[in-house]
Amino acid sequence: APLVELRRATKHYQIGEKPVIALKGIDISIQAREFVAIWGPSGSGKSTLCNLIGMLDSPTSGNVLIDGQEVDDLSDNARSELRNRTIGFVFQNFNLIPVLSALENVMLPLQIAGASSAVARERALERLTEVGLEKHVAHRPAKLSGGQQQRVAIARALVTDPALVIADEPTANLDSGNARRIIELMLDINASHGTAFVFSTHDQRLLESVKRRVLMQDGEIGSDSQPARPGTQT
Ligand code: ADP
Ligand code: ADP
């Protein structure tokens, strides 16, 4: 089964009297180890799509399957457990905890999952080294640049070894140089660890090295450069 599959997924929001149709019936499959860019203009449905893929939100109609498992059939607890086990998240505002050091921020998901501090510390240090921040582990987020903060957030998303990382506009608050380096870092991690990535952006210039580009247009998939990858089916 694909890692994630959406079947005819729609999302409607109600603002006062006026319904907004954010997604109009999305069919998409994402295989393990894939690297997928979701791009398109503001308001086209990228965030909503990321939220459905990451089980942060449910579709109004249609289906979301993770590893062939219909998410709607799960209890809230089982869904949270599946999400925590399978998916790491990266956000545009980094969402680091300001009073914790970079190291403590990255340790936290493991400690919440029940790991000892010794184990959490060792794995967090490995991840922070991979993202090039070994010299900054003791710093609080405010002492780090935006690019460095996003690297900490990526290390945190990876520390539980998720099959998939979802990054919704991870470069929106970065200058173009740092934005490119964040994409390159995600591509490197994808190549070396096989972690699947889904990331969204409104900036087409960041997509040069990305093979699979899914264009969102007004709540629909306008184009998908690699809709099926039979050679990589697992
Ligand atoms: P993008 O990420 O491409 O900017 P979004 O998925 O955020 O697009 O939004 C798609 C559409 O759905 C937009 O019209 C947006 O205003 C609307 N929308 C998104 N989230 C909500 C929400 N929580 N409540 C109401 N409308 C929403
Ligand atoms: P993006 O940076 O992806 O374009 P948005 O600014 O569209 O993000 O949305 C940011 C957050 O606000 C998202 O979680 C989205 O679901 C929510 N949102 C977007 N539009 C609306 C809206 N009209 N009403 C309420 N929430 C919204």
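Above this text sits the structure in question.
Worth saying up front: this structure is predicted, and the values here are computed from it rather than measured.

Cut-offs used in this document
- Each chain has its residues counted from 1, running along the sequence as written.
- Chain letters and ligand numbers both follow the written order, the letters beginning at A and the numbers at 1.
- Totals for whole chains, interfaces and linings use every residue, but because this is a predicted model, local features are given only for residues with pLDDT of at least 70 and side-chain atom pairs only at 80 or more, for both listing and counting.
- To get the side-chain values, take all heavy atoms of the structure and skip hydrogens and water.
- Pairing of aromatic side chains requires ring centres within 6.5 Å, counting the rings of Phe and Tyr and the six-membered ring of Trp. Pairs whose planes differ by under 30 degrees are stacked, by over 60 edge-to-face, and all others tilted.
- Only heavy atoms are used to decide nearness, and a residue is near a molecule or strand if one of them lies within 4 Å of it.
- N or O atoms within 3.5 Å of each other form a polar contact, as long as, within protein, one can give a hydrogen and the other can take it, and as long as residues adjacent in sequence are counted only when both atoms are side-chain atoms.
- Throughout, the Shrake-Rupley method with a 1.4 Å probe supplies accessible areas, and for residues the shown protein chains are the sole cover considered.
- Only runs of H or I of at least four residues qualify as helices and only runs of E of at least two qualify as strands under DSSP, and these elements are numbered from the N terminus.
- DSSP bridges decide pairing: two strands pair if at least two such bridges lie between them.
- To sort residues, take the accessible area from a 1.4 Å probe on protein chains only and compare it with the maximum for the residue type: under 20% means buried, over 50% means exposed, and anything in between is partly exposed.
- In plain words, nonpolar cores are sets of buried Ala, Val, Leu, Ile, Met, Phe, Trp, Tyr and Cys residues tied together by side-chain atoms within 4.5 Å.
- Residues count as neighbours in contact if any of their non-hydrogen atoms are within 4.5 Å of one another.
- All residues other than Ala, Val, Leu, Ile, Met, Phe, Trp, Tyr, Cys, Pro, Asp, Glu, Lys and Arg, Gly among them, are scored as polar; the first ten of these are nonpolar and the last four charged.

A. Local environment of the packing of aromatic side chains. Tallying each qualifying case throughout the model produces 3 aromatic pairs. On the basis of an interplanar angle of 15 degrees and a centroid distance of 6.1 Å, the ring pair of Phe89 and Phe91 is categorised as stacked. Among the aromatic residues, those joined into a ring-pair cluster are Phe35, Phe197 and Phe199.

B. Representation of the site of ligand 1 in the model. Taken together, the residues surrounding ligand 1 are Tyr13, Ile15, Val20, Ala22, Pro41, Ser42, Gly43, Ser44, Gly45, Lys46, Ser47 and Thr48. Between Gly45 and ligand 1, the recorded distance is 3.0 Å, taken from a backbone N or O atom to an oxygen atom. A distance of 2.9 Å separates an oxygen atom of ligand 1 from a polar atom in the side chain of Lys46. Protein contact buries 63% of the 560 Å² of open area that ligand 1 shows by itself. Top element by residues in the shell around ligand 1 is helix α1 (residues 46-53). It accounts for 3 residues.

C. The sheet that holds strand β1 (residues 4-15), seen in detail. With respect to topology, 4 strands assemble into an open sheet ordered β2-β1-β4-β5, the strand pairing being antiparallel. Unpaired on one side and paired on the other, β2 (18-30) and β5 (69-70) mark the two borders of the sheet. As paired elements, β1 and strand β4 (residues 61-66) share 5 bridges and run antiparallel to each other. The partner of Thr10 across the bridge, within β4, is Ser61.

D. Inspection of unusual backbone geometry at higher detail. Positive phi values are uncommon outside glycine, yet Phe94 reaches one of about 70 degrees. Note that Phe94 resides in the loop between β6 (87-90) and α3 (102-112). You can call Phe94 buried: its relative accessible area is 9%. With phi around 55 degrees, Asp161 is a residue other than glycine that occupies positive phi space. Here Asp161 falls in the exposed class, since its relative accessible area comes to 52%.

E. Representation of the nonpolar core in the model. One finds Leu128, Val152, Ile154, Met186 and Phe199 to be the most contacted residues of the largest nonpolar core, which totals 40 residues. Setting aside its immediate chain neighbours within four residues, Leu128 contacts Ala102, Leu103, Val106, Leu133, Glu134, Val137, Val152 and Ala155.

F. Spotlight on the pairing of strand β8 (residues 196-201). Taken across its 6 residues, β8 has 6 buried, putting it largely inside the fold. Of the two faces of β8, the one holding Ala196, Val198 and Ser200 and the one holding Phe197, Phe199 and Thr201 are both buried throughout. In terms of strand pairing, strand β3 (residues 35-39) meets β8 through 5 bridges, oriented parallel. Its bridge partner being in β8, Phe35 is matched across the sheet by Phe197. Here strand β7 (residues 164-168) runs beside β8; their pairing, made up of 5 bridges, is parallel. Bridged to Leu164 within β8 is Ala196.

G. Representation of the site of ligand 2. Taken together, the residues surrounding ligand 2 are Ile15, Ser42, Ser47 and Gln92. For ligand 2, an oxygen atom lies 2.6 Å from a polar atom in the side chain of Ser47. Taking Gln92, its side chain carries an N or O atom lying 3.2 Å from an oxygen atom of ligand 2. When ligand 2 is considered free in solution it has 550 Å² of accessible area, and contact with the protein chains removes 35% of it. Across the shell around ligand 2, the residue classes tally to 1 nonpolar, 3 polar and no charged.

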